[in-house]
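# Commentary on secondary and tertiary structure
Here's the letter readout for the chains.
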Amino acid sequence: MTGRLPLPDVDITLGNGLRVVVCSAPVVPLVEIRLTVPYTATSPGDVALCQLLAGVLLQGSAHRDADGYDAALAAHGATLNAAADAGKLTVAGHTMADALPPVLALLAESVREPRLTEDVVTPERIRLARRIRLATHQPAALAQHALLRRRYGEETAARRQPTPELAAACTPDDLAKLHARHLGAEGAVLVLVGDLRPEEAVATVTDAFGSWEAGPDGDIPEVPPWFAGGPLLRVARPGSVQSVIRLATPALPRTDPGYPALHLAQLVFGGSFASRLVARLREDEGYAYQLGSGVESVPGASTLMVEADTAAEHTVPALAVIKEELERMATEPPSVREVDAARSYAAGSTATAMSSPGALASGLANLLHIGVASDWLHHWGPLMEGVPYDAVGEAARRFFRPAGFTGVIVADDAAVAPLRRGATDELDF
């Protein structure tokens, strides 16, 4: 795949609400499969339940046990894996092109009637609780959870992050109720990319998934609330020799007409190896070994993120450099040279990242989940070329004000002592 990324050949919605996007990319005789089912977590236990459901989803069905299911997939040279986060359940995998009909039939079988028995659920419940418990000790996970609380408050954050206790308490009956509530065809998206004939693929999908129940109405992804800038929150990690800095500010949804200008501005700031922040913080000062900026998108909203991992003794000067570079985006807007370099990087990196059928399938699935059109990737390069220079400058002034950011620092107390605001865990920025 060179030049523009291919346009999807088919984008239709079946009568039960399942959206089907098919893209012919006959590089090798494989078909990549991505099924995304969005849901809204309404209680603290929902994300843990959905992750547990993802863990057992492909361990058989009402009609065959795990060994029989695995053998059927293996007979077709296929692999399928399921995962869940705070807003969606995803099944990803691939199959030989000529085996697409039976593999989709197996997927539909497990999605509609998973094997939710105690012998399947119990070991997966134990594994999930252990994974969650281990993750809570990792600095990046601590920062992620704390940033959720800082952005949205305790109640919203609790609905978006699982706990080991909630995972350990899940029962097969809980999973059956969750399955009935969330795993319907309405709003789900199936992406197929690879060596296939689009019309035949649609017929195959209809045969396999046409009888999938639509499910209850109203299970649409939650749009995160707006959040204000303000002091940073310190998360104590006594004795840590490194500090994890995470900053965030509300940004434009991916579907907003102003998003391309914002994307170019963040590439100039910290989103590429040639960016201002990387040049200053890593190359000039040597304060950080992992850093950058990016836009985190979900349905209906986006967040501009700035991240840096630094040695404990460099925490305060690194944060000072980040603040200075944010301020410089307004006082010294991106130059013509910087914007042109960002345009080339945006188009080239996207084309390179999506150059395989698997990457294209995942990219399409993620973009469709957040609400963009199925031809968005195809038009991304020309869209970048059409962004006016002054629009990038305006995005820089609007979104990179230090006062608009809040965030967290996971660090030993001594590393952030000069930033402390009295006796609280709030830090000046």
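Structure: above.
Residues numbered from 1 in each chain as written. Predicted model: local features only at pLDDT ≥ 70, side-chain atom pairs only at ≥ 80, totals over all residues. Heavy atoms only, no water.

## With respect to the overall build of the chain
Definition in use: Secondary structure elements follow DSSP: runs of H or I no shorter than four residues count as helices, runs of E no shorter than two count as strands, and numbering proceeds from the N terminus. As defined in this context, the radius of gyration uses C-alpha atoms, and a globule is described by 2.2 Å times the residue total to the power 0.38. Exposure categories follow from relative accessible area, calculated using a 1.4 Å probe and restricted to protein chains: below 20% of the type maximum is buried, above 50% is exposed, and the middle band is partly exposed. The contact criterion used is simple: two residues touch if any of their non-hydrogen atoms lie within 4.5 Å. Only the protein chains shown count as cover for residues, with accessible areas throughout obtained via the Shrake-Rupley method and a probe of 1.4 Å. Note that His is not counted, nor are the chain ends; the positive residues are Lys and Arg, and the negative ones are Asp and Glu. To locate a charge, take atom NZ for lysine, CZ for arginine, CG for aspartate or CD for glutamate.
On a plain count of helices and strands, the chain comes out with 17 helices and twelve strands. The C-alpha radius of gyration computed for the chain amounts to 23 Å, which stays within 12% of the reference 22 Å derived for 429 residues, consistent with globular compactness. Seen through its principal axes, the chain has C-alpha atoms that stretch 65 × 50 × 35 Å. Considering the chain as a whole, with its 429 residues, one finds that 52% of them fall into the buried category. Taking the contacts inside the chain whose residues are at least 6 apart along the sequence as the reference set, 81% of them involve residues at least 24 apart. Here the chain has roughly 17900 Å² of accessible surface; of this, 54% comes from carbon and sulfur atoms. Here the chain contributes 36 positive and 51 negative side-chain charges, whose respective centroids are spaced 5 Å apart.

## Regarding the sheet that holds strand β11 (residues 406-411)
In a beta sheet, neighbouring strands are held together by backbone hydrogen bonds and run either parallel or antiparallel to one another. In plain terms, the rule: Note on pairing: DSSP must find at least two bridges between two strands before they are called paired. The angle between two axes is taken between their N-to-C directions and runs from 0 to 180 degrees, where each axis is a line fitted to C-alpha atoms and a helix contributes only its stretch in contact.
Taken in spatial order, the six strands of this open sheet run β9-β10-β8-β11-β7-β12, and their pairing is mixed. Bordering the open sheet on either side are β9 (288-298) and β12 (426-427), each of which pairs with just one other strand. Here strand β8 (residues 242-251) pairs with β11 via five bridges, running antiparallel. When the bridges of β11 are listed, isoleucine 245 appears paired with isoleucine 409. Here helix α5 (residues 139-152) sits on the sheet in contact with β7 (232-236), β8, β9, β10 (301-311), β11 and β12, set at roughly 150 degrees to β11.

## Looking at the nonpolar core
Convention followed: By nonpolar core we mean a set of buried residues, namely Ala, Val, Leu, Ile, Met, Phe, Trp, Tyr and Cys, connected to one another through side-chain atoms within 4.5 Å.
Formed by 66 residues in total, the largest nonpolar core has its most connected members in Val191, Leu264, Leu281, Ile322, Phe400 and Ile409. With eight residues, helix α10 (residues 259-269) is the largest single contributor of residues to this core. Residue contacts for valine 191: discarding those within four places in its chain leaves Val21, Glu32, Ile33, Arg34, Ala361, Leu364, Ala365 and Leu368. Within the second largest apolar cluster, 57 residues are counted, among which are Val10, Ala188, Ala208 and Trp212.

## Some points on the sheet that holds strand β6 (residues 189-194)
Overall, mixed pairing links the six strands, which are arranged β1-β2-β6-β3-β5-β4 in an open sheet. Among the strands making up the open sheet, the edge pair consists of β1 (10-13) and β4 (79-84). Across this sheet, the average inter-strand angle for adjacent strands is 10 degrees, counted without regard to direction. In terms of strand pairing, strand β3 (residues 30-38) meets strand β5 (residues 88-96) through nine bridges, oriented antiparallel. In the strand pairing of β5, isoleucine 33 is matched with glycine 93.

## Brief notes about the environment of tryptophan 380
Structurally, tryptophan 380 is set in helix α15 (residues 376-385). Residues tryptophan 380 and proline 260, 120 residues apart in the sequence, show an inter-C-alpha distance of 8.8 Å. With near-sequence residues (within four places) excluded, tryptophan 380 lies in contact with Tyr259, His263, Ala346 and Thr350.

## A few points about the pattern of salt bridges
So the rule is basically this: Basic side-chain nitrogens of Lys or Arg form a salt bridge, by our definition, when they fall within 4 Å of a carboxyl oxygen of Asp or Glu.
Tallied over the entire structure, the rule returns 29 salt bridges. Here glutamate 200 makes a salt bridge to arginine 197, at a shortest N to O gap of 3.8 Å. Of the two residues examined, glutamate 200 and arginine 197, each falls in the exposed class. A salt bridge links glutamate 426 to arginine 421, with the shortest nitrogen-to-oxygen separation between them at 3.5 Å.

## A look at a negative patch on the surface
For the record, the criterion: The patches reported here contain residues having more than 30% relative accessible area and no salt bridge. Joining distances are 9 Å for like charges and 5 Å for nonpolar side chains (Val, Leu, Ile, Met, Phe, Trp, Tyr).
A cluster of acidic residues, Asp65, Asp67, Asp70 and Asp119, forms a negative patch on the protein surface. Relative to the helices and strands, aspartate 67 is located in helix α2 (residues 66-75). Exposure remark for aspartate 67: the relative accessible area of 62% places this residue in the exposed category.

## Looking at helix α11 (residues 276-284)
Listed as buried for α11 are Arg276, Leu277, Val278 and Leu281. Structurally, α11 contributes buried residues whose contacts are with α10, β9, β10, α12 (315-331) and α13 (336-353). At the exit of α11 stands glycine 286, carrying a positive phi of roughly 70 degrees.

## Notes on the packing of aromatic side chains
What counts, and what does not: Classification of ring pairs uses Phe, Tyr and Trp, with its six-membered ring standing for Trp, and accepts pairs whose centres are within 6.5 Å; under 30 degrees between planes counts as stacked, over 60 as edge-to-face, and the remaining range as tilted. The criterion is that NZ of a Lys, or CZ of an Arg, lies within 6 Å of the ring centre and within 35 degrees of the ring normal, and then a charge sits over that ring.
Counted under the stated rule, the structure contains five aromatic pairs. Consider the rings of tyrosine 152 and phenylalanine 227, whose centres lie 5.8 Å apart with planes at 90 degrees: the pair is edge-to-face. Of the two residues, tyrosine 152 sits in helix α5 while phenylalanine 227 sits in the loop between α9 (198-209) and β7, which places them 75 residues apart along the sequence. On the basis of relative accessibility, which here comes to 12%, the residue tyrosine 152 falls in the buried class. Here tryptophan 376 and tryptophan 380 contribute two aromatic rings whose centre-to-centre distance is 4.5 Å and whose plane-to-plane angle is 25 degrees, an arrangement assigned as stacked. Residue tryptophan 376 and its partner tryptophan 380 are both found in helix α15; the two are separated by four residues, about one turn of the helix. The exposure class of tryptophan 376 is buried, given its relative accessible area of 16%. Ring pairs connect the aromatic residues Tyr259, Trp376 and Trp380, which therefore count as one cluster. Here the guanidinium or amino end of arginine 160 rests over the ring plane of tyrosine 152, the centre of that ring lying 5.5 Å away. A cation sits over an aromatic face here: lysine 323 above phenylalanine 429, 6.0 Å from the ring centre.

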